[in-house]
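Chain residues, written in single-letter form:
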Amino acid sequence: WIEACLVEELPPTTELEEGLRNGVYLAKLGRFFAPKMISEKKIYDVEQTRFKRSGLHFRHTDNTVQWLRAMESIGLPKIFYPETTDVYDRKNIPRVIYCIHALRKFFQAACEVPEPEEKFNIDEYSDLVTLSKPIIYISIEEIINTHSFSTALNFLLIICIPSVISELHPHIFLYTLKELLLEHQDAISPDHNDVLHELLEDLGSVPDVESFLGEGAVDSHDPNKENALSQLAKTEISLTLTSKFDLKDGGDQDMKSLMIKTKKLIVDVIRTQPGEKLLEILETPASLPQENEHLKVIEKRAALDAKTPDKMKRSQSVFEDGQLPLEQKKRKILRNLRTLEQAGLVSEENKYQEIINEITKDIRNQRRHRQRRKAELVKLQQTLNALNSKTAFYEDQITYYNTYIKACLDNLTRKNSRRSIKMDGKGEEKTNKKVKQSSLKYTAARLHEKGVILEIEGLQTNQFKNVLFDITPGDEVGDFEVKAKFLGVEMEKVQLHFQDLLQMQYDGVAVMKIFDKAKVNVNLLIFLLNRKFYGK
């Protein structure tokens, strides 16, 4: 472990005790995990030239002391620490070795953290099932600091050097870690399709206060510009958090499904027709005994499937693939392999070794796959329950909205109907059981003057006076029937729904067509209906 950290070869095991006495390797190890605690200049006899020439010197104990201080700075419990004499005088070398093992375990435990999905109980569907997007309130200064920390924290968790925090100013510390992450991102994440590279590119350089507020927010000639910016940096803003990454598209999921199906078919084939290479097996015709053996496997599987509950049965496509004769399975495998090769998942040049390796990994990790599948089923069930809850919530919202709109329209209609209430001779109100609102009659010319009618296809403006529109409220609140008459002859009629007009207004639709001929201004039509029927 020390050799891996120092990238340096240690003395042989038989000479290790003597090699550790001068503390040089221990001090170098301390410098590896606490570089700000131990500089190279602080390590006495770093090249061990004096040690090799004349043996130990009392100053070699300084190296061991530096190592002990480095371990103290990172928080390793002191119960593991050896004494300086345990190293220098070889009084207790086993205790030194024990401390090194404890140090290694300390770093290993610090780096072995649960996956974020497990820690926070989230998955790729979490953003879709939340009822509302989370909102945070954060100051500009905190955004700038978080911008630096977001990259710094990743590197901190990977290499775990907490001693740096106590030695460096926070801003220098964050900047240093960000630069280290940028410098070593290829080693940390070799795959350039990894989201880490995309996040680093999007993050860019650390912004300043003026970039948030815009140029001119503070006078550049103001002698108190720094103080003004410092005060403005405390300004709080609200941010709605939204997932940056979308769900994988259908193409990726289809390729993944095809890969799984192909692996199952290959296992079925090589179970009854073994061979040295996959292509040789697929291109060699099966013998009659092999066909019979394959038929027995199919019959046995069918018997097991018949006893399986419906909810636990395999998908129909997988079941049908499993029932295919041996030669048809091989032909289907070849077709699937060509499709997978086009997607870049396998290669004929490698004799499709990639898919064989995947099958080997699946066999070796069967237990782990079962545990993962069980966990995924639990998460999917939670996601399904959350989606059902979200659906019920939105359905309740729609019901509430419709009820609210209907109540508003009823109130408007009720207020307008009071105009038709009459008083009898004794001063009592006398109303009909059911008040029927009268219809509105307008010529197209009049509506054109009001701006409601913009144009009618096939008619000149001077002919608009011959067109009469009759607008009658329906039995349901918000419904209207519009009839068009030309020279007294009824031509057409159309139904209008007030909520549809409001929706068009909300969507920014300015003009609509009725009767497929007349262009109507939506906003002015809503205004006319409100004024005449709802008294607004």
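Residues numbered from 1 in each chain as written. Predicted model: local features only at pLDDT ≥ 70, side-chain atom pairs only at ≥ 80, totals over all residues. Heavy atoms only, no water.

Per an unreviewed UniProt entry, the chain carries the name Calponin-homology (CH) domain-containing protein and comes from Aquarana catesbeiana.

A. The packing of helix α19 (residues 288-307) against helix α21 (residues 326-342), seen in detail. Between α19 and α21, whose axes approach to 10 Å, the crossing angle comes to 85 degrees. One finds that α19 runs roughly perpendicular with respect to α21. Judged by residue contacts, Q290, E291, H294 and R301 of α19 engage L326, E327 and K329 from α21. (Axes fitted to C-alpha atoms, helices over the stretch in contact; angles between N-to-C directions. Helix = DSSP H or I, 4+ residues; strand = E, 2+ residues; numbered from the N terminus. Parallel < 35°, antiparallel > 145°, perpendicular 65-115°, else oblique. Contact = heavy atoms within 4.5 Å.)

B. Spotlight on the sheet that holds strand β9 (residues 489-497). The strand order across the open sheet built from 4 strands is β5-β7-β8-β9, with neighbouring strands paired in antiparallel fashion. Of all the strands in the sheet, the pair left with one neighbour each is β5 (440-443) and β9. Within the sheet, the average angular offset between the axes of one strand and its neighbour, ignoring direction, is 20 degrees. As paired strands, strand β7 (residues 467-473) and strand β8 (residues 479-486) are joined by 7 bridges and run antiparallel to one another. (Pairing = 2+ DSSP bridges.)

C. Local environment of the pattern of salt bridges. All chains considered together, the criterion is met by 13 salt bridges. Of the charged contacts, one joins R446 and E449 as a salt bridge, the two residues approaching to 3.0 Å between their closest N and O atoms. In this pair, R446 and E449 both sit in helix α24 (residues 444-450), 3 residues apart, roughly one turn of the helix. R446 sits in the partly exposed class, given a relative accessible area of 38%. The class for E449 is exposed, based on a relative accessible area of 60%. The shortest N-O distance in the salt bridge between K513 and E457 comes to 2.6 Å. Of this pair, K513 sits in strand β10 (residues 511-514) while E457 sits in the loop between β6 (453-456) and β7, placing them 56 residues apart in sequence. The exposure class of K513 is partly exposed, given its relative accessible area of 41%. Through salt bridges with shared partners, a single network forms among E18, R21 and R90. (Salt bridge = Lys/Arg side-chain N within 4 Å of Asp/Glu carboxyl O. Buried < 20%, exposed > 50% of the residue type's maximum accessible area, 1.4 Å probe, protein only.)

D. Structural view of the sheet that holds β6. Pairing is antiparallel across the open sheet formed by 3 strands, whose spatial order is β6-β11-β10. Either end of the sheet is taken by a strand with one partner, and the two such strands are β6 and β10. Adjacent strand axes in the sheet meet at a mean angle of 25 degrees, parallel and antiparallel pairs treated alike. Relative to strand β11 (residues 518-521), β6 runs antiparallel, the two being bridged by 3 bridges. Bridge pairing links E455 to K519 in β11. The sheet strands contacting helix α26 (residues 522-533) are β10 and β11, and the helix crosses β11 at an angle near 70 degrees.

E. Inspection of the UniProt feature "coiled-coil region" (unreviewed entry) in the chain at higher detail. The feature "coiled-coil region" (unreviewed entry), as given by UniProt, occupies residues 370-397 in the numbering adopted here. For the annotated span residues 370-397, helix accounts for 100% and strand for 0% of the residues, and the straight-line distance between the end C-alpha atoms is 40 Å. (UniProt positions renumbered as here; feature names shortened; annotations may be inferred.)

F. The arrangement of the packing of aromatic side chains in detail. Scanning the model with the defined rule gives 6 aromatic pairs in all. A ring pair is formed by W1 and F107, whose centres lie 6.5 Å apart and whose planes are at 35 degrees; its orientation type is tilted. Residue W1 is located in the segment before α1 (2-6), and its partner F107 is located in helix α7 (residues 93-111); the two are separated by 106 residues in the primary sequence. Among the residues examined, W1 registers a relative accessible area of 35% and is labelled partly exposed. The class of F107 is buried, set by a relative accessible area of 11%. (Phe/Tyr/Trp six-rings, centres within 6.5 Å; stacked < 30°, edge-to-face > 60°.)

G. Examining the packing of helix α25 (residues 498-506) against α26 more closely. At a closest axis distance of 10 Å, the pairing of α25 and α26 adopts a crossing angle of 140 degrees. Regarding the angle of α25 to α26, the classification is oblique. In the crossing of α25 with α26, the sense of the turn from one axis to the other is left-handed. Across the interface between the two elements, F498, L501, L502, M504 and Q505 from α25 touch V522, N523, L525, I526, L529 and N530 from α26. (Left-handed = near helix turned anticlockwise from the far one by under 90°.)

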